[in-house]
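Survey of secondary and tertiary structure
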Amino acid sequence: MPHTPDPHDDDGLDRVPAPKPVHYAEQALLGALLLEPARLSDTEPLIAHHFDSHTHAALFTAIRTVPPPDPAAHAKDTAWLNAVLDHARPHARGLSASYLHALIQFCPQPKHAAAYARMIRADNARRILRGHAERLASTATDPGLPNPTATTLGMADDIGRVLDSLAEQFAPHPGSFPRTALPPAFPRQAGEEDLDEERLLLATATAYPAEVQQMRWLTEADFLLPLHATLWQSITALVHRGDMVDPVTVLGEAQQRGLLTDSLTPKDLMALVSTPAGSPEYWGERILQRALLARAHAVADRIVVYTDDPANTPHQLITGSRRALAELNSLRTRWNRVTAPPPSPATRPSARPTPAPRAGPPNWPAFTSARAHR
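What comes next is a walk through the structure. Not measured: the values here are computed from a predicted model.

A few words now on the overall build of the protein chain. Summing up its helical and strand segments, the protein chain has 15 helices and zero strands in all. For the protein chain, with 374 residues in total, the buried portion stands at 43%. In the protein chain, the share of contacts with a sequence separation of at least 24, taken over all contacts with a separation of at least 6, comes to 76%. With an accessible surface of roughly 20000 Å², the protein chain has 56% of that area assigned to carbon and sulfur atoms.

Listed below in structure tokens is the structure:
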């Protein structure tokens with residue numbers, strides 16, 4: 001049975017977590033409504049779904065459902081309280097008359113019912129946002145999805161709609177950005193197959209530099225390995241300057257960027273960009289997709305951190321979450337650019353040549369050969 005803990009009772013403190021502030025707000029509000037049912041109008045737009053406690057939600061539903069009593073009669077008997085209890089008990093069997101009276105005794109000021117309701121709604125907003133962020137993180141790392149990018153972006157859109165809805169419910173205020181200290185970003189996990197795809201992009205981009213000219217949607221930040229990111233910068237720099245591109249010229253550009261070390265010789269570097277397979281766009285899409293999913297997971301983690309900080313107000317949660325989503329949307333824009341269907345013949349400019357069909361993944365012998373030159 002829920003109860004207000006005795007501050008002098010240390011028994012079980014190591015086993016039972018202390019109730020959250022919303023627990024006391026729910027108790028205070030229900031006590032106010034049981035004592036003065038007319039205060040129900042002060043709680044709008046609070047609904048039962050906003051309560052953290054199922055028992056409290058059932059009791060609030062009963063208070064809203066049972067017709068309010070005559071104030072004079074309510075002050076003399078418990079008929080209305082009994083009716084509320086009878087209505088709520090089938091949905092929360094632990095409820096008792098003694099708990100209803102305890103709630104009445106707990107309420108500091110019935111006239112503060114509106115403030116208690118706002119606390120309950122704010123905590124519900126925190127829980128809703130956290131739940132959506134957890135689902136986004138789970139979706140972004142689910143290997144079994146047939147279309148992980150579309151599903152993940154759909155989950156991000158859901159969060160955007162939640163934020164829009166919350167923004168209509170909670171007024172903005174000064175200092176609206178969260179002050180929560182974010183944990184340091186962990187390096188993205190790089191599997192061997194993921195690194196192979198980056199190597200294959202570098203090799204095919206060196207072999208087909210004309211296609212690289214159209215790949216401004218891929219940036220060095222999308223790569224898992226810093227070496228590969230700098231090599232991509234080397235290749236694109238040659239392409240955009242109109243210089244000749246081959247393993248030797250890439251070596252020269254990489255040398256100027258300080259890539260050559262005792263562990264990476266000129267021969268190693270040229271071998272890295274000398275075994276093309278497939279097309280640059282195919283591998284570039286794979287790398288960008290992986291970067292987008294990783295960013296979605298990072299955004300979800302940041303929102304969860306914001307919601308776990310009780311110092312953040314609803315508006316701070318909204319502002320911080322929107323800024324986090326904006327970082328994901330920058331990758332979404334680039335992803336949409338590369339995956340948008342080509343224009344139909346009726347809308348394609350006549351002077352523009354028809355793009356060559358995009359090559360699929362290489363056969364396995366070529367893939368193995370690429371790994372042999374790591």
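Here D222 shows up in the loop between α9 (209-212) and α10 (226-241). The buried category is assigned to D222, whose relative accessible area is 2%. A distance of 2.9 Å separates a polar side-chain atom of D222 from the backbone nitrogen of T219. If near-sequence neighbours (up to four positions away) are discounted, D222 is found in contact with R188, E198, W217, I287, L288, A291, L331 and R334.

Glancing now at helix α1 (residues 21-35). Taking 1.5 Å of rise per residue, 15 residues should cover 21 Å, and α1 covers 21 Å from first to last C-alpha, within 8% of that figure. Along α1, 12 of the 15 residues are buried, which leaves the element largely enclosed by surrounding structure. Within α1 the residues assigned to the buried category are V22, H23, A25, E26, Q27, A28, L29, L30, G31, A32, L33 and L34. If you follow the buried residues of α1, they end up packed against α2 (54-65), α3 (71-74), α4 (79-88), α5 (97-106) and α6 (113-140).

The next thing to look at is the nonpolar core. Residues L201, L218, L231, W232, V250 and L269 are the most contacted members of the largest nonpolar core, which totals 61 residues. Looking at this core, the elements that each hand over two or more residues are α6, α7 (148-169), α8 (192-207), α10, α11 (247-256), α12 (266-272), α13 (280-308) and α14 (314-339). At 13 residues, α13 tops the list of elements feeding residues into this core. Setting aside anything within four residues of it in sequence, one finds L201 in contact with M215, L218, F223, W232, P280, W283, G284 and I287. Grouped together as the second largest cluster of nonpolar side chains are 34 residues, A57, V84, A92 and I104 included.

Before going further, it helps to examine the pattern of salt bridges. Taken as a whole and judged by the stated rule, the model has 20 salt bridges. Taking the shortest distance from any N to any O, the salt bridge between D52 and R127 comes out at 3.6 Å. In this pair, D52 is assigned in the loop between α1 and α2 and R127 in helix α6, connecting sequence segments 75 residues apart. Measuring nitrogen to oxygen at the nearest pair gives 2.7 Å for the salt bridge that ties E197 to R286. Of the two residues, E197 is situated in helix α8 and R286 in helix α13; the sequence distance between them amounts to 89 residues. Classification of E197 by relative accessible area gives buried; the value is 2%. Residues joined in a network through salt bridges with shared partners are K20, D52, D123 and R127.

The next thing to look at is the packing of aromatic side chains. In the structure shown here, the tally under the stated rule is four aromatic pairs. Taken together, a centroid distance of 5.0 Å and an interplanar angle of 35 degrees make the contact between F51 and F60 tilted. Consider the rings of F223 and W232, whose centres lie 6.0 Å apart with planes at 35 degrees: the pair is tilted. Pair check on accessibility: F223 and W232 agree, each one buried. When the ring centre of F177 is taken as reference, the NZ or CZ atom of R323 above it lies at 4.1 Å.

Looking now at the packing of α1 against α6. Direction vectors running N to C along α1 and α6 enclose 140 degrees, while the axes themselves pass 9 Å from each other. The two elements α1 and α6 cross, and the hand of that crossing is left-handed. On α6, the residues touching P21, V22, A25, E26, A28, L29 and A32 of α1 are A113, Y116, A117, M119, I120 and D123. Looking at the contact of α1 with α6, its residues break down into 11 nonpolar, no polar and two charged.

What follows deals with unusual backbone geometry. Omega for the peptide link from E44 to P45 comes to 5 degrees, which places this bond in the cis form. You can see P45 is positioned in the loop between α1 and α2.

Running from N to C, α6 and α13 cross one another at 155 degrees; their axes reach a closest spacing of 8 Å. Classed by the angle they form, the pair α6 and α13 counts as roughly antiparallel. For the pair α6 and α13, the crossing hand works out as left-handed. Side by side, α6 and α13 meet where R126, L129, R130, A133, E134, L136, A137 and A140 of the first sit next to L293, A296, H297, A300, D301, I303, V304, Y306, T307 and D308 of the second. Residues belonging to the contact of α6 with α13 are distributed by class as follows: 11 nonpolar, two polar and five charged.

Between its first and last C-alpha, α2 extends 16 Å over 12 residues, near the 16 Å set by a 1.5 Å rise per residue. Three or more residues of α2 are buried, namely T55, H56, A57, A58, L59, F60, A62 and I63. Each element contacted by the buried residues of α2 is listed here: α1, α4 and α5. A side-chain oxygen of the first residue of α2 lies 3.3 Å from the backbone nitrogen of T55; this N-cap is S53.

What counts as what
Residues numbered from 1 in each chain as written. Predicted model: local features only at pLDDT ≥ 70, side-chain atom pairs only at ≥ 80, totals over all residues. Heavy atoms only, no water. Helix = DSSP H or I, 4+ residues; strand = E, 2+ residues; numbered from the N terminus. Buried < 20%, exposed > 50% of the residue type's maximum accessible area, 1.4 Å probe, protein only. Contact = heavy atoms within 4.5 Å. Areas by Shrake-Rupley, 256 points an atom, 1.4 Å probe, with all protein chains shown as cover. Polar contact = N/O pair within 3.5 Å; in protein donor to acceptor, adjacent residues only side chain to side chain. Expected span 1.5 Å × (residues − 1). Core = buried A, V, L, I, M, F, W, Y, C linked by side-chain atoms within 4.5 Å. Salt bridge = Lys/Arg side-chain N within 4 Å of Asp/Glu carboxyl O. Phe/Tyr/Trp six-rings, centres within 6.5 Å; stacked < 30°, edge-to-face > 60°. Lys NZ or Arg CZ within 6 Å of the ring centre and 35° of its normal. Axes fitted to C-alpha atoms, helices over the stretch in contact; angles between N-to-C directions. Left-handed = near helix turned anticlockwise from the far one by under 90°. Nonpolar A, V, L, I, M, F, W, Y, C, P; charged D, E, K, R; others polar. Parallel < 35°, antiparallel > 145°, perpendicular 65-115°, else oblique.

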